[in-house]
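Fold and contact review
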Amino acid sequence: MKRIISLFVITFMFISIMMLGVPVCAENVTDDELQSVFQTTSVTKVIITASALNVRSGPGTSHMVVGVAYKGQILKVMGEAWGWYLVYLPDYTIGFASSKYAQPYPQVTPTPVPTPAPTPTPVPSPSVTSEMQSMLNLINGERAKAGAAALKFDSKLNSMALTKAKDMVTKNYFSHTSPTYGTPFDMMKQFGITYRYAGENLAGNSSVDAAHTALMNSPGHRDNILNVNYTYIGIGIQPSPTYGKIFVQNFIGR
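Residues numbered from 1 in each chain as written. Predicted model: local features only at pLDDT ≥ 70, side-chain atom pairs only at ≥ 80, totals over all residues. Heavy atoms only, no water.

**Examining a nonpolar patch on the surface**
On the surface, a cluster of nonpolar side chains totalling about 250 Å² of accessible area is made up of Val65, Val68 and Tyr70. Tracing the backbone shows Val65 in strand β3 (residues 65-70). Relative accessible area serves as the criterion here: at 41%, Val65 is assigned to the partly exposed category. (Patch = residues over 30% accessible without salt bridge, like charges linked within 9 Å, V, L, I, M, F, W, Y side chains within 5 Å. Areas by Shrake-Rupley, 256 points an atom, 1.4 Å probe, with all protein chains shown as cover. Salt bridge = Lys/Arg side-chain N within 4 Å of Asp/Glu carboxyl O. Helix = DSSP H or I, 4+ residues; strand = E, 2+ residues; numbered from the N terminus. Buried < 20%, exposed > 50% of the residue type's maximum accessible area, 1.4 Å probe, protein only.)

**Things to note about the nonpolar core**
The biggest cluster of nonpolar side chains holds 18 residues, and the ones touching the most others in it are Met135, Leu151, Ile225, Ile233, Ile235 and Phe247. The residues contacting Ile235, other than those within four sequence positions of it, are Met132, Met135, Leu136, Phe153, Asn158, Ala161, Val248 and Gln249. Among the nonpolar cores identified, the runner-up in size contains 15 residues, and Leu53, Val77, Val87 and Ala102 belong to it. (Core = buried A, V, L, I, M, F, W, Y, C linked by side-chain atoms within 4.5 Å. Contact = heavy atoms within 4.5 Å.)

**With respect to helix α3 (residues 155-171)**
The terminal C-alpha atoms of α3, which comprises 17 residues, lie 24 Å apart, in line with the 24 Å expected from a rise of 1.5 Å per residue. For α3, the complete set of buried residues consists of Leu157, Asn158, Ser159, Met160, Ala161, Leu162, Thr163, Lys164, Ala165, Asp167 and Met168. Elements in contact with the buried residues of α3: α2 (130-146), β8 (152-153), α4 (184-190), β9 (197-205), β10 (232-240) and β11 (244-253). Its side-chain oxygen at 3.0 Å from the backbone nitrogen of Lys156, Asp154 defines the N-terminal cap of α3. Downstream of α3 by one or two residues, Asn172 has phi in the positive range, about 55°. (Expected span 1.5 Å × (residues − 1). Polar contact = N/O pair within 3.5 Å; in protein donor to acceptor, adjacent residues only side chain to side chain.)

**Observations regarding the pairing of β10**
A large share of β10 lies buried, amounting to seven of its nine residues. Across two bridges, β8 lies against β10 in parallel orientation. Pairing of Phe153 across the sheet is with Ile233, part of β10. In this structure, β10 lies alongside β11, joined through nine bridges in antiparallel fashion. Residue pairing in the sheet places Gly234 in a bridge with Asn250 of β11. (Pairing = 2+ DSSP bridges.)

Right, dumping it as structure tokens:
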């Protein structure tokens, strides 16, 4: 009978709290007068950290004790008021437990929000400038002497190459790996470029002719220029305060 009365009294108080919502001091109000702002909470369970914790009829130590919870017990939570959790005890009694000794269970660690990879802002497909055409003519001249087929411009590759050239000047670096877009292969994926074979040449020089000569004198860059597996090219050229001009050549074979 005592359990039933206890459950009825606390349940009645809980309904009163939910319906009336009138703020008063938790320590100075009797059980019959208890009316408070009762809040729902994201906490669904708590674990008791005190060796023995009095569970009370209201959110404050002046309220009568309706039960005891022991260290390590996990209790279901109905809501929260003034730093007290409204909990279920194992004998189905409902009462308030101080949040000082009832900690959320399990401990919720906020999941770090991953930083999204930068989305490239492609430069609109540039028209083929005289410098771009001049560089392609030099490349195809070398390929013809080596017996390789001529390369053709690809609009997406041109846009990617110009974007990379501008990024190199703006961020003041000289590398195949962009701090903004990643590797050339990362960039190709971001620009929607498909390929079976791919490569990149970079040069910093004062003119198209000087850049082409420097690239042909470098074995690795020369291999890209003469690679028979490549069929398309993108060329980006951007003025540079450090090198005079930045040249980016992106090659693919489909």
